[in-house]
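Tertiary structure, described
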Amino acid sequence: ELLSNAMRHAFAGQREGTIRISYASEGGRARVCVADNGQGLPATFNLDTAKGLGLTIVETLTRHELHGDIAVHSDGETTFTISFPQG
């Protein structure tokens, strides 16, 4: 869903861009990042109040199924990071 959102929203009106997906494991936790160099998020974007269906699904699955956390940073590139216990 994060990849789909990046393809749909980050590059609206653009034909090219880069999306990076990464995975790391450290201290018993897994971390998955989806980052893009698209147009960025609005300054008013707040993950806690975002009402889109895609982000609602991602947040619900992350918190309730994976017992993890989700964070977003948008400073030159937009990065969504999901962290959850491995096991």
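Quick notes on the rules
Residues numbered from 1 in each chain as written. Predicted model: local features only at pLDDT ≥ 70, side-chain atom pairs only at ≥ 80, totals over all residues. Heavy atoms only, no water. Helix = DSSP H or I, 4+ residues; strand = E, 2+ residues; numbered from the N terminus. Rg over C-alpha atoms; globule rule 2.2 N^0.38 Å. Buried < 20%, exposed > 50% of the residue type's maximum accessible area, 1.4 Å probe, protein only. Contact = heavy atoms within 4.5 Å. Areas by Shrake-Rupley, 256 points an atom, 1.4 Å probe, with all protein chains shown as cover. Lys, Arg positive; Asp, Glu negative; His and termini not counted. Charge placed at Lys NZ, Arg CZ, Asp CG, Glu CD. 1 Å grid on protein atoms, 1.4 Å probe; cavity = no way out; pocket = protein on both sides within 12 Å on 5 of 7 lines; lining within 4 Å. Points joined across faces, edges and corners; volume = space filled by probe spheres on them. Nonpolar A, V, L, I, M, F, W, Y, C, P; charged D, E, K, R; others polar.

The helix and strand tally for the protein chain stands at 2 helices and 4 strands. The helix and strand sequence of the protein chain, counted from the amino end, reads α-β-β-α-β-β. Relative to the 2.2 N^0.38 estimate, which gives 12 Å for 87 residues, the radius of gyration of the protein chain is 13 Å and therefore close to what a compact globule would have. Principal axes of the C-alpha set define a box for the protein chain whose edges measure 40 × 25 × 20 Å. When the 87 residues of the protein chain are sorted by exposure, 31% land in the buried category. Taking as baseline every contact in the protein chain between residues at least 6 positions apart, the subset at least 24 positions apart corresponds to 54%. When the accessible surface of the protein chain is split by element, carbon and sulfur atoms take 53% of a total near 5800 Å². Measuring between centres, the 7 positive side-chain charges of the protein chain sit 2 Å from its 10 negative side-chain charges.

Another aspect to go through is the environment of His67. Residue position: His67 is located in the loop between α2 (53-65) and β3 (69-74). His67 sits 12 residues away from Leu55 along the chain, and the two C-alpha atoms are 16 Å apart. Once you skip the residues sitting within four places of it in the chain, His67 turns out to touch Thr62 and Pro85.

Moving on, we come to the side chain of Asn5. Its location among the elements puts Asn5 in helix α1 (residues 2-10). Excluding residues within four positions of it along the chain, Asn5 makes contact with Ala10, Gly54 and Leu55.

Okay, the layout of surface pockets next. Quantified by volume, the largest pocket comes out at close to 380 Å³. Going through the elements one at a time, α1, β2 (29-36), α2 and β4 (78-85) are the ones with two or more residues in the lining of the largest pocket. Here the lining of the largest pocket gets 6 residues from one element, more than from any other, and that element is α1. In terms of residue class, the lining of the largest pocket is built from 10 nonpolar, 7 polar and 4 charged.

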